[in-house]
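One letter stands for each residue in the lines below.
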Amino acid sequence: MSEFVLQLPGADTAIRRPCVAVAVVMRRERIDNRWQPWRWSLADIVPHEESFGAQPRLLLKDDQEERWLHPGFKVELFTDDAEGYYLNVTTTQPCFWVVWRMEEEAALADEPVAVPQTVTLSYHDAGRWLEAQETVEQVAAPRDVVEWMQAFVDAHYVLEAKRRQRPQSFKPQQGDRVFRTGRRAQAALHAVFLDEFE
């Protein structure tokens, strides 16, 4: 198996930011369920090779599973998302995240296939997609990718000092329409209210 080619901007002006080319392997496996006999899942992320071409292709098919290779994804590191990479690299198992969707109509095979949409190393990107109800799965990132991401974080992420958290008593409660103020302000408002009705 080949290694991940981790690219950095430099003399090659075509590379604007650090990136790595990957391919996604999706797996369709048989499950014991009378309503849904198959389940799709992320199987792996592998280094992209020119021999993969540009189109998805079936790698394996038998009675129990199918594996599809989806080549040509570029995972880039952006300086304004350094915190997202920091949050990933500081977990116990740094990973790639993949957003995938089912084809609406079968185009690659007789039945719809799970098609990856994007691949990232950003914790923030993965969180946004999950909040948007997308299907997001993860696979462990290999050591060389983790070290590359760590070097990027070291160069671009500045840990912000923690700010003092506001006490819970000062936070407005859901449904409150009045501002929570001190007793003196409440007494003054009460006095104004009484003056209007006297």
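Residues numbered from 1 in each chain as written. Predicted model: local features only at pLDDT ≥ 70, side-chain atom pairs only at ≥ 80, totals over all residues. Heavy atoms only, no water.

### Side note on the nonpolar core
A general feature of soluble globular proteins is that nonpolar side chains tend to end up buried together. Residues Val 22, Val 24, Ile 45, Phe 96, Val 119 and Leu 121 are the most contacted members of the largest nonpolar core, which totals 31 residues. Secondary-structure elements contributing two or more residues to this core are strand E2 (19–30), strand E3 (38–47), strand E5 (65–76), helix H1 (82–89), strand E6 (95–102), strand E7 (114–120) and helix H3 (143–156). The dominant element in this core, judged by the number of residues it contributes, is H3, at six residues. Among residues more than four places away in sequence, those in contact with Val 119 are Val 22, Val 24, Ile 45, Phe 73, Val 75, Phe 96, Trp 97 and Val 98. (Core = buried A, V, L, I, M, F, W, Y, C linked by side-chain atoms within 4.5 Å. Buried < 20%, exposed > 50% of the residue type's maximum accessible area, 1.4 Å probe, protein only. Helix = DSSP H or I, 4+ residues; strand = E, 2+ residues; numbered from the N terminus. Contact = heavy atoms within 4.5 Å.)

### Section: H1
Count 3.6 residues to each turn of an α-helix, and residues three or four apart come out pointing the same way. Within H1, the full set of buried residues consists of Ala 82, Gly 84, Tyr 85, Asn 88 and Val 89. Down the axis of H1, the smallest arc covering the buried residues is 160 degrees, so these residues share one side. (Arc of directions from axis to C-beta.)

### Things to note about the sheet that holds strand E8 (residues 135–140)
The three strands lie next to each other as E7-E6-E8, forming an open sheet whose pairing is antiparallel. Since the sheet does not close on itself, it has two edges, and those belong to E7 and E8, each with one partner. Each adjacent strand pair in this sheet contributes to an overall mean axis angle of 35 degrees, direction not counted. Pairing of E6 with E7 involves six bridges; the strand directions are antiparallel. When the sheet's bridge partners are listed, Val 98 is paired in E7 with Val 119. (Pairing = 2+ DSSP bridges. Axes fitted to C-alpha atoms, helices over the stretch in contact; angles between N-to-C directions.)

### Re the environment of Arg 17
Mapping Arg 17 onto the fold places it in the loop between strand E1 (6–7) and E2. Exposure remark for Arg 17: the relative accessible area of 22% places this residue in the partly exposed category. In this structure, the C-alpha to C-alpha distance between Arg 17 and Phe 78, residues 61 residues apart in sequence, is 7.0 Å. Within the structure, the side chain of Arg 17 is placed 3.5 Å from the side chain of Glu 76, a separation counted as a polar contact. (Polar contact = N/O pair within 3.5 Å; in protein donor to acceptor, adjacent residues only side chain to side chain.)

### Looking at the pairing of E5
Judged from the ten bridges that link them, E2 and E5 form a sheet pairing that is antiparallel. Looking at the pairing, Val 25 lines up with Leu 69 of E5. In this structure, strand E4 (residues 57–61) lies alongside E5, joined through four bridges in antiparallel fashion. Within the sheet, the bridge partner assigned to Leu 60 lies in E5 and is Arg 67.

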